[in-house]
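# Examination of the molecular architecture
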Amino acid sequence: RLQAPVAAGWTGGARRAVLGELFKSPYDGLAPALISGAPAASAFFAVKDGAKRAVAGLQLGKAETTVLAVACANVAYWGIKNPSEVLKVRRQAGVASDTAGAAVEIWRAEGVAGFYSSAGPNYAYSTPVDVVKFLLYEQLKASLAARRGRS
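Remember, it's a predicted structure, so these values are computed and weren't measured experimentally.

## Considerations on the pattern of salt bridges
- In total, this model carries 7 salt bridges according to the counting rule given.
- Between Lys 52 and Glu 138 there is a salt bridge; the shortest N-O distance is 2.9 Å. Pair noted here: Lys 52 is in helix 2 (residues 30–54) and Glu 138 is in helix 6 (residues 119–147), with a separation of 86 residues, a long-range link.
- Residue Glu 138 is joined to Lys 141 by a salt bridge in which the shortest nitrogen-to-oxygen separation is 3.9 Å. In this pair, Glu 138 and Lys 141 both sit in helix 6, 3 residues apart, roughly one turn of the helix.
- Take Glu 138: its relative accessible area is 19%, and that puts it in the buried class.
- Each of Lys 52, Glu 138 and Lys 141 takes part in salt bridges that share partners, so that together they form one network.

Thresholds applied
Residues numbered from 1 in each chain as written. Predicted model: local features only at pLDDT ≥ 70, side-chain atom pairs only at ≥ 80, totals over all residues. Heavy atoms only, no water. Salt bridge = Lys/Arg side-chain N within 4 Å of Asp/Glu carboxyl O. Helix = DSSP H or I, 4+ residues; strand = E, 2+ residues; numbered from the N terminus. Buried < 20%, exposed > 50% of the residue type's maximum accessible area, 1.4 Å probe, protein only.

Written as structure tokens, this is what we have:
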């Protein structure tokens, strides 16, 4: 980018690269990600807690119950979060200049499926990570309760 001819010379190119990309691009598409974050997280915990209650009669162990509940919760989470992630990535990649335009372009070119184009990889990445986090959390909670004399 610095090699591209610029009216202001190489300093103008460097300035454009630093100010126009370094400080702007990481925040492109951030609004939809922030807007979808709270509803997606709320859905995650609602589904996780509901799934734990639903499988209570199956006599699964705590670890198996947690794994199943987190896997179900991630389906709800990415169902809400993935469209905003697609918009954010397209904005950051420079494919779209504004979020609304990106949404319209995706809808026209790909339909609803375009908003879920990365759902599989997102789910495949996040589910094992979230399972480990919640298993560690459950173990820590049990250890602290045992240390305090509760079970």
